[in-house]
Amino acid sequence: MQKITWDIQYLSPPPAIKYCKKCGKKTEYLCSGLFRINAQRKYLDIWLIYKCLDCDSTWNMTIYSRINPKNVAPKILDGFYSNNGELAKRYAMDIELIRRNGAEIGLPKYKILGANINFGTPIELHIKSSYPSRLKVSSLLREKMNLSQNTFKQMINSGSIRSVSGLNLKKCRLQADAILIIDKWPIEG
Ligand SMILES: [Zn+2]
């Protein structure tokens, strides 16, 4: 069996979707990459700043609320003060954190790196993602394999595409790495 690996490369963190007062509707907020830190006596409040895509209104996503700075690793604390890009990305990719802050999660921009599937041979496909995301595995498969909704359904129903770990491929989102088996399939047309 041929083994193929796809790496999902995220070009942007997911937008946070929430109500914007100025726009008067739910909009996408994008991570600015900047932290805001507020010191009150011994404690710190730390936020990651988001901006409404439509009107630039800001929304501060809470990372820490009234935390004693002694309880934060010095390197991380420096990262907050210097707006370290990797640190901002780590929080911006944290779906649970965004959710706990009362926002919904939008879809990140991404690229699929890896070889195309040749339907002539059975394939073990590894889809790798360094972060859990809201991307649907079915969308990734259909996009990269250029499959119509109908063909994709037929392949799922007949078991020609299946998940080694029992994921529901019609619905599931990419939580971690996924391993799939793709059998030979007569190409459309
Ligand atoms: Zn707005």
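Note that the structure is predicted; figures quoted are calculated from it, not measured.

**Regarding the domain arrangement of the chain**
Quoted interface sizes are often the accessible area lost when the parts come together.
Phase 1: Assigned domains of the chain: these are domain 1 (16-105) and domain 2 (116-182).
Phase 2: Centre-to-centre, using C-alpha coordinates, domain 1 lies 33 Å away from domain 2.
Phase 3: Counting residues at the interface gives five residues for domain 1 and four residues for domain 2.
Phase 4: For the pair domain 1 and domain 2, the summed buried surface comes to about 430 Å²; carbon and sulfur atoms form 67% of the total.
Phase 5: Among the residues domain 1 hides against domain 2, the three largest losses belong to Met93, Ile95 and Ile105. Together they make up 71% of the total.
Phase 6: Taken together, the links from domain 1 to domain 2 amount to zero salt bridges.
Phase 7: In this structure, the connection of domain 1 to domain 2 is made through zero residue pairs in polar contact (both at pLDDT 80 or more).
Phase 8: Residue composition of the side of domain 1 that touches domain 2, grouped by class: three nonpolar, no polar and two charged.

**Focus on the nonpolar core**
Phase 1: Membership of the largest hydrophobic core comes to 29 residues, with the highest contact counts inside it found for Leu125, Ile127, Leu141 and Ile161.
Phase 2: Within the residue set of this core, elements represented by two or more residues are strand S1 (2-10), strand S8 (123-129), helix H4 (137-145), helix H5 (149-157) and strand S10 (178-182).
Phase 3: Formed by 25 residues, the second largest nonpolar core is a distinct cluster that contains Leu44, Trp59, Val72 and Ile105.

**A word on the sheet that holds S8**
Phase 1: Spatially, the five strands line up as an open sheet ordered S7-S1-S8-S10-S9, and their pairing is mixed. Edge strands, defined here as strands with exactly one partner in the open sheet, are strand S7 (110-113) and strand S9 (161-163). Across the sheet, the mean angle from the axis of one strand to that of its neighbour is 25°, orientation sign disregarded.

**Digging into the sheet that holds strand S5 (residues 58-67)**
Phase 1: One open sheet holds the five strands; their spatial order is S5-S4-S3-S2-S6, and the pairing between them is antiparallel. Of all the strands in the sheet, just S5 and strand S6 (104-105) have a single pairing partner and so form its edges.
Phase 2: Here strand S2 (residues 16-20) runs beside strand S3 (residues 25-40); their pairing, made up of five bridges, is antiparallel. The residue bridging Ile17 from the neighbouring strand is Glu28, located in S3.
Phase 3: Along the sheet, helix H1 (residues 74-81) makes contact with S3, strand S4 (43-52) and S5, crossing S3 at roughly 120°.
Phase 4: Here helix H2 (residues 85-92) sits on the sheet and contacts S3, S4 and S5; the angle it forms with S3, its principal contact strand, is near 125°.

Cut-offs and rules
Residues numbered from 1 in each chain as written. Predicted model: local features only at pLDDT ≥ 70, side-chain atom pairs only at ≥ 80, totals over all residues. Heavy atoms only, no water. Domains from an automatic or database assignment. Contact = heavy atoms within 4.5 Å. Buried area = accessible area lost by both parts, 1.4 Å probe. Salt bridge = Lys/Arg side-chain N within 4 Å of Asp/Glu carboxyl O. Polar contact = N/O pair within 3.5 Å; in protein donor to acceptor, adjacent residues only side chain to side chain. Nonpolar A, V, L, I, M, F, W, Y, C, P; charged D, E, K, R; others polar. Core = buried A, V, L, I, M, F, W, Y, C linked by side-chain atoms within 4.5 Å. Buried < 20%, exposed > 50% of the residue type's maximum accessible area, 1.4 Å probe, protein only. Helix = DSSP H or I, 4+ residues; strand = E, 2+ residues; numbered from the N terminus. Pairing = 2+ DSSP bridges. Axes fitted to C-alpha atoms, helices over the stretch in contact; angles between N-to-C directions.

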